[in-house]
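Examination of the molecular architecture
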Amino acid sequence: VNIKKHSKKRFFYSVKTKMAAMVLLLMAALTGVLVFVNIRISEQYKALQIAKCQSLVHAESMRINGCISDMENNVRKLALIGRLIAESGGNFDTIGKTTVMESFPKSAVAIGGGIFYEPYALTPDKKRVCYYAFRNDAGDMIFDEIFEGDDYDYLSQEWYTDIKSYVTIDGNQPVWTKPYFDKGGTNKLMTTVGFGIYEDDKLIGVATGDWVLTDIAKSIASIRPTENSRALFVYHGAILAYSDKVYNNEILDINRFPWFYSALKENAVTVEGVECFAFSDILLNGMTVVSIVPRAELFHEITNYSNTLFLVMTASCVVIALIVIFMLRLFINRPLSVLTQGFKNIASGIFENRIDIATGDEFQRLGEAVNSMAGQLDGYIKNLTKVTEEKERVGTELNVATTIQKSMMPSIFPLFENRPDLDMYAFISSAKEVGGDFYDFFFIDENNLALIIADVSGKGVPAALFMVIAKTLIKNSAQAGKSPGEALYDVNNLLDENNTAKMFVTCFMAYLNVKTGVLTCVNAGHNPPLLAKGGVFKWLKIKPCLVLAVRKNTKYIEETVQLQRGDRLFMYTDGITEAANKDGKLWGQKAFIESANKNIDRPLKELSAAVKRDLDEFAAGAEQSDDITMLVLIYKGDNQ
Amino acid sequence: MEIKKVISDGAALLCLIGRLDSMTAKTLDAELPGLVGVKNITLDLKDVEYVSSAGLRILLALQQQVDAEKGKLILINVCDEVMEVFEMTCFSEILTIE
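Below is a summary of the structure that appears in this document. (Residues numbered from 1 in each chain as written. Chains lettered and ligands numbered in written order. Predicted model: local features only at pLDDT ≥ 70, side-chain atom pairs only at ≥ 80, totals over all residues. Heavy atoms only, no water.)

1. Topic: the side chain of A:Ser103
Tracing the sequence through the fold places A:Ser103 in helix α2 (residues 92-103). The exposure class assigned to A:Ser103 is buried, which follows from its relative accessible area of 15%. (Helix = DSSP H or I, 4+ residues; strand = E, 2+ residues; numbered from the N terminus. Buried < 20%, exposed > 50% of the residue type's maximum accessible area, 1.4 Å probe, protein only.)

This is the structure we're talking about:
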């Protein structure tokens, strides 16, 4: 058996590696999907983080904007009251004082404020008229009379001139002063909003409100979405807060914050080499809030999460791959190697070994199938060996039988070399190893030669057995001195007994008296022989009798023919006349007698060979279906 | 060998078609058990052009089977070639040929 072997152990020649590769691919695909999903989630998370920062800044801005509006509304009302006081011309001192005391409740953003009139605007008696009140640290409203005194002279104060110079004609636009540190007063960082007080489009004074910025600055400085986030609070070109530090009106040095202006326009800046997000808002009164959030810090969590996820996935892949390889080794490699060994055993003819795989899966079933196959193969081969031995034995025995059967018929030619009065030749060819045809000849006494040719119905061993009996019986009868008719009468009766196989024998039997040339013959249903008298074969006209072994006490009638010197007798069996070619056509009596006549002058051996050759030519390779027997004789006796 | 068979009331008519030789004799042989108990059997040999010794053997067996039943076997429409065989073997003596 030629088994192709792969000399090189290639990677993919193992089922295990194939399956492990498949699992790894699957895991890789899964990881890919997870990474993709993670990226999407990260993006959304980042967007959410950015939005969160933005809303933090916006919320603070909104709150401060609310304060600004509150301040402006408050002071606008104060300005209105200031105008009304001027117009009413009544007891303005009481009204003014009450107004400023009541205008700034605890809920108000402003800690104080007042109404300041232009020189002599309210009364020609007084150059400076003003009402100012503030809430002290204890929370009580204090009416401050310092403002009216000569020592302060609000009219010449910078904040007053500033407001006055900025208020517009319509009086509705608030003016916000630069932030200032109220030394000696509140000692706090403050800003003031002012409105003009107009009477018939003429500015008669301003109303103010003071706002402490310290809390606002602190609140803005505390906008820190991440640890290292910074907030910058700029107002009127001054820094009020940076990072977590509150400044008291420090001039903005833009060189310190080169990113400041880009942070107002863009949302990504680089601060001290760190990539940051920038969130900015400009408030109603021009205050600017900028929040700087380091990008890495903002995304720290999600980045950590992604990295962890990736690590876990990779580790899982490796662990699962190892487990899979181990399991494949256990569940596939091991049973496969057991199966392979099992097949090798079978291939080398060992059937006793049984494959033991108890995995409960296809491998077990395959193993069981192989076991059953091995068992059956064992049986078949044993049986085959037995049958073959039997066949060989039968064949050997048949060979012996063939030899025995052949040796039963005289076969050493030329015969009767010491007899000038006779020449004979016999030919027999069995369709099987042993046949039913037979011929025989022997001298029963000095002058009488017995000639027998017969055909047992059927072929093979049954016919051969019957033939042996028939031949022996006939010879015994003849040698017992019986005439042909008597001999066949006896033989027929003997054969008919116990003829359960319903066989029969056709037989032509004759005694030739070589001295006188008289041929005494009986035909028991056999093909009539050819007789050549004067150089031409003709059918010997002889009355046929019933075949042997069919009916008891059948009479076999003898006839006699006188032979002359040179006469030829050609006895044969129906294997000749009924030889068939491949089309099933029979050679027939006519073709046979023609062939015999064509070769009549040849020596007997050549004559029979020529007839056989013609027969073979006709059969053209068709299988010989029946035994072929020829027995030819030339009478060379004295009888002329 | 083809056999057309009509069996009725203890009588059978078998039409044989083809050669009756050692190869085809089995077909007729197989019919024998089915004909046990049938007393009158007629074999129509109109389409039989050849009978070999194996065929003769089956005919003989059938004849003996019919004899045992004390029935009758009749062969009809026997052609010349087949008749020659019957005569040569003297089967014509034991078979009833019409």
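Having seen it, we continue.
2. A closer look at the nonpolar core
Residues and elements named next belong to chain A. If you look at the biggest cluster of nonpolar residues, it comprises 65 residues, and the most contacted ones within it are Phe116, Tyr117, Tyr131, Trp211, Phe233 and Met287. Broken down by element, the residue count for this core peaks at 11 residues, all from helix α1 (residues 15-88). In this structure, Phe442, Leu449, Leu451 and Tyr556 belong to the second largest nonpolar core, which totals 54 residues. (Core = buried A, V, L, I, M, F, W, Y, C linked by side-chain atoms within 4.5 Å.)

3. Re the pattern of salt bridges
All names here are of chain A. Tallying each qualifying case throughout the model produces 21 salt bridges over all chains. For Lys482, the salt bridge goes to Asp490, with nearest N and O atoms at 2.4 Å. Looking at Lys482, the relative accessible area reads 31%, which means it is partly exposed. On the accessibility criterion, Asp490 (21% relative accessible area) is partly exposed. The network of salt bridges with common partners includes Glu390, Arg393 and Glu397. (Salt bridge = Lys/Arg side-chain N within 4 Å of Asp/Glu carboxyl O.)

4. A few points about the environment of A:Ala622
Residues and elements named next belong to chain A. On the secondary structure map, Ala622 appears in the loop between α13 (604-619) and β24 (628-635). Owing to a relative accessible area of 17%, Ala622 belongs among the buried residues under this scheme. In the structure, Ala622 is positioned 43 residues away from Ala579 in sequence and 9.1 Å away in space, judged by C-alpha atoms. Leave out the neighbours within four places in its chain, and Ala622 touches Ala580, Asn581 and Lys582. (Contact = heavy atoms within 4.5 Å.)

5. Overview of the sheet that holds β24(A)
Residue and element names in this part refer to chain A. With antiparallel pairing, 5 strands are arranged side by side in an open sheet as β14-β24-β23-β19-β20. Edge positions in the sheet fall to β14 (422-429) and β20 (537-539), since each has one partner strand and no second. Each adjacent strand pair in this sheet contributes to an overall mean axis angle of 20°, direction not counted. Here strand β23 (residues 568-572) pairs with β24 via 5 bridges, running antiparallel. The partner of Phe570 across the bridge, within β24, is Val632. Here helix α12 (residues 588-598) sits on the sheet and contacts β19 (530-532), β20 and β23; the angle it forms with β20, its principal contact strand, is near 150°. α13 contacts β14, β20, β23 and β24 of the sheet and is inclined by roughly 145° relative to β24. (Pairing = 2+ DSSP bridges. Axes fitted to C-alpha atoms, helices over the stretch in contact; angles between N-to-C directions.)

6. Details of the sheet that holds strand β8 (residues 230-235) of chain A
Residues and elements named next belong to chain A. The strand order β10-β9-β8-β13-β12-β11 describes an open sheet built from 6 strands, whose pairing is antiparallel. Edge positions in the sheet fall to β10 (245-251) and β11 (268-271), since each has one partner strand and no second. Across the sheet, the axes of successive neighbouring strands diverge by a mean angle of 25°, strand direction being ignored. Relative to strand β9 (residues 238-242), β8 runs antiparallel, the two being bridged by 4 bridges. From the neighbouring strand, Phe233 faces β9, where its bridge partner is Ala241. Those strands touched by α1 are β12 (274-282) and β13 (288-294), and its axis lies near 35° from that of β12. The sheet strands contacting helix α4 (residues 214-221) are β8, β9, β10 and β13, and the helix crosses β8 at an angle near 145°.

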